[in-house]
Amino acid sequence: MEKKLKLGIPKGSLEKATMELFEKSGWRINVHHRNYFPDIDDPEIECAICRAQEMSRYVEQGILDCGITGKDWILENNSDVHTITELIYSKVSKRPARWVLAVPADSNIKRLEDLEGKKIATELVNFTKRYFAERGINVTVEFSWGATEAKVVQGLADAIVEVTETGSTIRAHGLKIIHELMQSTPQFIANHESWNDPWKRKKMEQLAIMLKGALRAHKLVGLKMNVARENLDKIVEILPSLNAPTISPLYQSDWFAVETVVSEDVVRELIPKLLEAGAQGIIEYALNKVI
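Owing to the predicted nature of the structure, the values given are computational and were not obtained by experimental measurement. (Residues numbered from 1 in each chain as written. Predicted model: local features only at pLDDT ≥ 70, side-chain atom pairs only at ≥ 80, totals over all residues. Heavy atoms only, no water.)

A.B. asks: Honestly, the packing of aromatic side chains in this entry has me stumped. Any pointers?
C.D. replies: Aromatic rings considered in pairs are described by the distance between their centres and by the relative angle of their planes. Scanning all chains against the criterion turns up four aromatic pairs. The interplanar angle of 90° and the centroid separation of 6.0 Å between the aromatic rings of Trp 73 and Trp 99 together place this pair among those described as edge-to-face. In this pair, Trp 73 sits in helix H3 (residues 71–77) while Trp 99 sits in strand S7 (residues 97–104), placing the two residues 26 residues apart along the sequence. The burial state of Trp 73 is the same as that of Trp 99; both residues are buried. On the basis of an interplanar angle of 90° and a centroid distance of 4.8 Å, the ring pair of Phe 143 and Trp 145 is categorised as edge-to-face. Phe 143 sits in the partly exposed class, given a relative accessible area of 41%. Every member of this aromatic cluster is reached through a ring pair, and the members are Phe 127, Tyr 131 and Phe 132. Directly above the aromatic system of Tyr 285 lies the positively charged group of Lys 224, at a separation of 5.6 Å from the ring centroid. (Phe/Tyr/Trp six-rings, centres within 6.5 Å; stacked < 30°, edge-to-face > 60°. Helix = DSSP H or I, 4+ residues; strand = E, 2+ residues; numbered from the N terminus. Buried < 20%, exposed > 50% of the residue type's maximum accessible area, 1.4 Å probe, protein only. Lys NZ or Arg CZ within 6 Å of the ring centre and 35° of its normal.)

Written as C-alpha cells, this is what we have:
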C-alpha cells in the first residue's frame, strides 16, 4: 500500500499565506469551493483544511500526521506534539503575534494584580486561566466569540486578552495594553508516532527544508554584474552578502562576473554605488528559496 503523509493546512487568517508559501516552496495546493480536502501536486501527500484552533488536537490524536498552526493554539489546547520548525510568514509584519492584556484607556487597572476578582474576555480561555492561576491572581475568564475589544467598551468585561501584531486595532477601540502574556508564531508540528516513522519523518523534513528556504528568500534578491580587474577590490568591499560573493573570470579577458545575494531594501542605494565603482551589466533577480 502506497504511503501518504496527512498534512493539515490552517483555515482562516493563515490560509492564503500558507498556500502561497507552499507554492513558493515547490508544492501547488488547489482548494475547491466548499471542499476541505484540497488537491496537492505530490502523490505522497494528502491535505486537509481545518481551523488553526483545532489543528494541534488533530495532530496529537494522529488524525493528521503534521500541520501548521500557531504556538498560541498549541498552548491553549495543551497539546503534546513535536515541533518540527517555526515558520514566521505573517502577511502583515513578519513579526510574532502578541497576546496582550488590554483595558480601557482611562482604567485604574495598571498591572496584573489589579485584576483580582475581575472579569476577562478572550478566545484564549485555557491559557489565560492557567496564566493567572500560576501567579495566584483570582479572575473570571469568559470565552469571546469575536469583537472582543467591544466587550470592555460595553462593560461586559473589565479587561480582554487579545491577539495583535501592531496594537493599532486595540488602540483604535480606546483601549491600552498593560501586559504581554506571550508571543506566537506559526509552527510546523507533527504527531509523535508519525515523527518516529522513518518514511514520514523524511517527508516532513523535506517539507521543512523547502518551507524554511522559501521564507529565508523573502526580501532577498540576487545581483550579477561584470567588473574589470582594476575595480574588483572596490566592488567586493561595497557588496554585502550572505557569505563572500562568487567571482568568476570571463573568457579571455581581464573582466570578472560577480554574483551575490543581498537584502532587497538595500538595492536602491547599492546599485548607484556599484556603477560609480565601475560595475557594468548589473542584473537584479528574484529568489524563490535560499537553503
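After that view, the rundown keeps rolling.
A.B. asks: Where do I start with the state of the cysteines in this structure?
C.D. replies: In protein chemistry, a disulfide is the covalent bond that joins the sulfur atoms of two cysteines. Throughout the structure, instances matching the rule amount to zero disulfides. Cys 47 forms no disulfide, and the closest cysteine sulfur to it belongs to Cys 66, at a distance of 8.9 Å. Note on Cys 47: relative accessible area 6%, which makes it buried. (Disulfide = S-S within 2.5 Å.)

A.B. asks: Can you help me understand the domain arrangement of the protein chain in this one?
C.D. replies: It is common to give the size of an interface as the accessible area that goes away when the parts come together. Its domain assignment divides the protein chain into domain 1 (5–92 + 186–217), domain 2 (97–183) and domain 3 (220–286). At the junction of the two partners, domain 1 supplies nine residues and domain 2 supplies 10 residues. Carbon and sulfur atoms supply 47% of the area that domain 1 and domain 2 bury against each other, a total of about 800 Å² over both sides. For the domain 1 face of the interface with domain 2, the top three residues by lost area are Asp 72, Leu 75 and Glu 76, together amounting to 57%. The interface formed by domain 1 and domain 2 contains zero salt bridges. On the surface where domain 1 and domain 2 come into contact, there are six residue pairs in polar contact (both at pLDDT 80 or more). No other element matches the five residues that H3 contributes to the side of domain 1 that touches domain 2. In terms of residue class, the side of domain 1 that touches domain 2 is made up of three nonpolar, three polar and three charged. (Domains from an automatic or database assignment. Contact = heavy atoms within 4.5 Å. Buried area = accessible area lost by both parts, 1.4 Å probe. Salt bridge = Lys/Arg side-chain N within 4 Å of Asp/Glu carboxyl O. Polar contact = N/O pair within 3.5 Å; in protein donor to acceptor, adjacent residues only side chain to side chain. Nonpolar A, V, L, I, M, F, W, Y, C, P; charged D, E, K, R; others polar.)

A.B. asks: Could you clarify how one ought to interpret the sheet that holds strand S4 (residues 45–51) in this entry?
C.D. replies: Within a sheet, neighbouring strands are paired by backbone hydrogen bonds and run either parallel or antiparallel to one another. The five strands lie next to each other as S4-S1-S5-S12-S6, forming an open sheet whose pairing is mixed. Among the strands making up the open sheet, the edge pair consists of S4 and strand S6 (82–86). With strand direction ignored, the average angle separating the axes of adjacent strands in the sheet is 30°. Two elements, strand S5 (residues 66–70) and strand S12 (residues 186–190), share five bridges in a ladder whose sense is antiparallel. Its bridge partner being in S12, Gly 70 is matched across the sheet by Pro 186. In this fold helix H1 (residues 15–25) packs onto strand S1 (5–11), S4 and S5, with an angle of close to 135° to the strand it touches most, S1. (Pairing = 2+ DSSP bridges. Axes fitted to C-alpha atoms, helices over the stretch in contact; angles between N-to-C directions.)

A.B. asks: How should I be thinking about the sheet that holds strand S8 (residues 119–122) in this particular structure?
C.D. replies: Taken in spatial order, the five strands line up as S9-S8-S10-S7-S11 in an open sheet, and their pairing is mixed. Edge positions in the open sheet fall to strand S9 (140–143) and strand S11 (175–184), since each of these has one partner strand only. Strand-to-strand twist in this sheet, taken as the mean axis angle between neighbours without regard to direction, amounts to 25°. The pairing of S8 with strand S10 (residues 159–164) spans three bridges and is classified as parallel. Following the sheet pairing, Ala 121 is matched in S10 by Ile 160.

A.B. asks: Looking at this model, I keep getting lost on helix H10 (residues 267–276). Mind explaining?
C.D. replies: Along an α-helix, a turn takes 3.6 residues, which lines up residues three or four apart on a common side. Where H10 is concerned, the buried positions are Val 267, Leu 270 and Leu 274. Considered in projection along H10, the buried side chains sweep an arc of 65° and stay on one side of the axis. The outward face of H10, more than 90 degrees from its buried face, is lined by the exposed residues Arg 268, Glu 269 and Glu 276. Buried positions along H10 lie against strand S13 (220–228), helix H9 (232–238), strand S15 (255–263) and strand S16 (280–286). Of the residues one or two after H10, Gly 278 is the one with positive phi, at around 110°. (Arc of directions from axis to C-beta.)

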